[in-house]
Amino acid sequence: MLDWTSIADTIASWALDFVYFGLVIGTIVVVILDNRNPVKTMAWVLVLVFLPIVGLVFYFFFGRSQRRVRLIEKKSYGSLLKKPLAEYVSQDVCTLPGDYDRLIRFFRKTNQAFPFEGNRVEIYTNGYTKLQSLLRELRKARTHIHLQYYIFEDDAVGRIVKDALLEKARKGIEVRVLYDDVGSWKVPNHFYEEMREAGIEVRSFLKVRFPLFTSSVNYRNHRKIVVIDGRIGFVGGMNLAERYVKGMSWGIWRDTHLLIEGKAVHGLQTSFLMDWYFVDGTLITASCYFPRIEPVGPSMIQIVTSQPIGPWKEIMQGLEIALLSAKKYFFMQTPYFLPTESFLTAMQNAALSGVDIRLMLPERADSTITHWASCSYLSDILRAGVKVYLYRKGFLHSKLMVSDDMLSTVGSTNLDFRSFEHNFEVNAFIYDMETALQMKEIFLEDQRECTQLYLKSWKKRPFQEKAIESVMRVLSPLL
């Protein structure tokens, strides 16, 4: 007598196996046909083959490419660029520094990043002085405040900034706030509701209802921008959270942020308004947001953005050009070092050609897995002659880079796959000897708080450390 229950169970098991393996194989085909970086493609294929369940979950939540999505239509983007373009064209003289002509033109062509002369720059290397300056400038606001952060916490720092915004909104100042929904997803809704009730326009970037169950988690707005009256701007690596001021239990929080006064603020304004259009659907192009500004300082600045949905990786490619154009030195600070193959090669080539390439990382990071993966790349660059320093005083979150006493850049971009390929980022590229020398001195001061790595001793670390780092390196394109 046939056991129909057993037969049904067998058929159901076969069907589930067929669907399951079909899904895995189909996903692998999709990954391959997406024509990504081969290293990244192989990482996904390996995860899907050897850890199929975990791989499927991670791919559907974090791996699907959305690069073909259009952020803003060309007509609207052209309207948004009219005001800064007019200001750029109206400059009496705009002499590009010869050594950086190629880099400036690259950003101009790929990113519509106009090089503006006559700017003043203030540099902040800790959260307390940056917060003081931000609050001081917020109190001076007369027409509008545009504030955008990846993290806007409901803690002492977040609340003091919120109170400053509430005060200005009650006085009739236009205030718009944009925060990243994943970066700030633990913040209670009433924190933002209080601002909305006071008339502040508050929006979240790429709203995520269920953070663990959407591929939108993979594409985050990592930018930190403040624009006040179209004349004063802030950009850099610091978010609005208490740890950026007080540090960690095991050390200080070392970061870098800028205040910019001058026409370059038009670039920050354009970036903010483009993101605002994306989340709100409102195109803001009025002249009051792009006022006429007279020269106030010696710096030429380009505000450069990058996003995961365009054809180019502007900031990454620009940094590669800058590395390969350096004649004497190129110093870098980053909390995470998970470079793309092209960026790693650029670093090695620059060092092998005799340029003094220095990389500074935290000795202890806020993410153990990412830190392990970062360490796996250090032998590759040490072997090429790159000098590597580990910052001991606390957590180094700074994204400062300086080269040849003329070029410096500070922004939100880390030297890792996520910043280069998945996040919405912004950096200020500054062409000015005075600012570059200040940045260089900041780097050298931090270097005194570091341990320098040497290839001979680095190779002697325990086998288990090397093994863990190697495994994390295989997964680094996915981190």
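That block above? That's the structure.
Please read these numbers as outputs of a predicted model, since none were measured by experiment.

(A) Region of the structure containing the packing of aromatic side chains. A complete count under the given rule lists 19 aromatic pairs for this structure. Arranged with centres 5.4 Å apart and planes meeting at 50 degrees, the rings of Phe343 and Phe420 form a pair that is tilted. With Phe343 in helix 12 (residues 341-352) and Phe420 in helix 15 (residues 417-422), this residue pair connects regions lying 77 residues apart in the sequence. Among the residues examined, Phe420 registers a relative accessible area of 3% and is labelled buried.

(B) Examining the pairing of strand 4 (residues 201-205) more closely. Pairing analysis gives five bridges linking strand 3 (residues 174-180) to strand 4, with the strands arranged parallel. Note that in strand 4 the partner of Arg176 across the bridge is Glu201. Where the polypeptide runs from strand 3 across helix 8 (residues 189-197) and back to strand 4, its parallel neighbour, the crossover connection is right-handed.

(C) How the structure looks around the packing of helix 7 (residues 156-170) against helix 8. Between helix 7 and helix 8, the least distance of the axes is 10 Å, while the angle of their chain directions is 15 degrees. The angle between the axes of helix 7 and helix 8 places the two elements in the roughly parallel class. Crossing handedness for the pair helix 7 and helix 8: right-handed. Here helix 7 contributes Gly158, Arg159, Lys162, Leu165 and Leu166 to the contact with helix 8, which in turn contributes Phe191, Glu194 and Met195. A breakdown of the residues in the contact of helix 7 with helix 8 according to their chemical character gives four nonpolar, one polar and three charged.

Thresholds, definitions, all that
Residues numbered from 1 in each chain as written. Predicted model: local features only at pLDDT ≥ 70, side-chain atom pairs only at ≥ 80, totals over all residues. Heavy atoms only, no water. Phe/Tyr/Trp six-rings, centres within 6.5 Å; stacked < 30°, edge-to-face > 60°. Helix = DSSP H or I, 4+ residues; strand = E, 2+ residues; numbered from the N terminus. Buried < 20%, exposed > 50% of the residue type's maximum accessible area, 1.4 Å probe, protein only. Pairing = 2+ DSSP bridges. Right-handed = clockwise from strand over helix to strand, strands pointing away. Axes fitted to C-alpha atoms, helices over the stretch in contact; angles between N-to-C directions. Parallel < 35°, antiparallel > 145°, perpendicular 65-115°, else oblique. Left-handed = near helix turned anticlockwise from the far one by under 90°. Contact = heavy atoms within 4.5 Å. Nonpolar A, V, L, I, M, F, W, Y, C, P; charged D, E, K, R; others polar.

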